[in-house]
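Results of the structural survey
Below are the chains, spelled out letter by letter.
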Amino acid sequence: MVKNQSYLLIFLVIVLIYVMRAQVLQTIQRPLVLSSLQCQGINSEALEKVARYSIDNLNYANLQLSYIDPDGNPSDCIAGWEGLPYFSAKIDNSTVFAYASVSKIFISELV
């Protein structure tokens, strides 16, 4: 009986550590990503709001946002690092992510 309770206790501790680790990482990650946020262009204020929302509420660790207004003026925001914060290069406009959003292709065709 004691052996089964010990296994249950160990299992519960492992689950608690996993859950707490995720919360701690998100808490630490948010200010680090926000400190790397860089926006430029005519519409950079609007893009910065979208970027901050994405980092704060959607827990994005890296992002690249771009917008071209009807007059052809580009604006962009970038945030995050390629590896460990402050020990690796920051994300820039030439950074290629291992995954991409397909919706960008469809939206660019519609515009």
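Heads up: these notes are all about the structure in this document. (Residues numbered from 1 in each chain as written. Predicted model: local features only at pLDDT ≥ 70, side-chain atom pairs only at ≥ 80, totals over all residues. Heavy atoms only, no water.)

With that settled, consider the overall build of the protein. Each helix and strand counted, the protein has 3 helices and 3 strands in total. Along its sequence from the N terminus, the protein presents helices and strands in the succession α-β-α-β-β-α. For the protein, buried positions account for 17% of its 111 residues. Long-range pairs, those at least 24 residues apart, make up 53% of the contacts in the protein with a sequence separation of at least 6. (Helix = DSSP H or I, 4+ residues; strand = E, 2+ residues; numbered from the N terminus. Buried < 20%, exposed > 50% of the residue type's maximum accessible area, 1.4 Å probe, protein only. Contact = heavy atoms within 4.5 Å.)

This brings us to the nonpolar core. Ranked by size, the top nonpolar core spans 8 residues in total: Val33, Leu37, Leu47, Ala51, Ile55, Leu63, Cys77 and Ala79. For this core, the elements supplying multiple residues, two or more each, are α2 (44-57) and β3 (74-79). Considering every element that reaches this core, the biggest residue donor is α2, with 3 residues. If sequence neighbours within four positions are ignored, Leu37 has contacts with Glu48, Ala51, Arg52, Cys77, Ile78 and Ala79. (Core = buried A, V, L, I, M, F, W, Y, C linked by side-chain atoms within 4.5 Å.)

As summarised here, the arrangement of the 3 strands in space is β1-β3-β2, forming an open sheet in which the pairing is antiparallel. Of all the strands in the sheet, just β1 (38-41) and β2 (63-68) have a single pairing partner and so form its edges. The average undirected angle you get between the axes of adjacent strands in this sheet is 5 degrees. Inspection of the sheet shows β2 paired to β3 by 6 bridges, in the antiparallel sense. Within the sheet, the bridge partner assigned to Ser66 lies in β3 and is Asp76. (Pairing = 2+ DSSP bridges. Axes fitted to C-alpha atoms, helices over the stretch in contact; angles between N-to-C directions.)

Looking now at a nonpolar patch on the surface. On the surface, Leu8, Phe11, Leu12 and Val15 cluster together to form a nonpolar patch covering roughly 380 Å² of accessible area. By the secondary structure assignment, Phe11 is in helix α1 (residues 2-35). (Patch = residues over 30% accessible without salt bridge, like charges linked within 9 Å, V, L, I, M, F, W, Y side chains within 5 Å. Areas by Shrake-Rupley, 256 points an atom, 1.4 Å probe, with all protein chains shown as cover. Salt bridge = Lys/Arg side-chain N within 4 Å of Asp/Glu carboxyl O.)

Once that is clear, we can look at unusual backbone geometry. Phi at Asn59 takes a positive value of approximately 60 degrees, unusual for a residue other than glycine. Here Asn59 lies in the loop between α2 and β2. Its relative accessible area of 32% is what places Asn59 among the partly exposed residues.

So, about the pattern of salt bridges. Throughout the structure, instances matching the rule amount to 2 salt bridges. Between Asp56 and Arg30 there is a salt bridge, and its shortest N-O distance comes to 3.8 Å. One end of the pair, Asp56, is in helix α2; the other, Arg30, is in helix α1, and 26 residues separate them in sequence. A residue is classified by how much of its surface remains accessible, and Arg30, at 28% relative accessible area, is partly exposed. Between Arg52 and Glu48 there is a salt bridge whose closest N-O contact spans 3.1 Å. Here Glu48 and Arg52 lie together in helix α2, a separation of 4 residues that amounts to about one turn. Overall, the relative accessible area of 36% leaves Arg52 in the partly exposed class. On the accessibility criterion, Glu48 (28% relative accessible area) is partly exposed.

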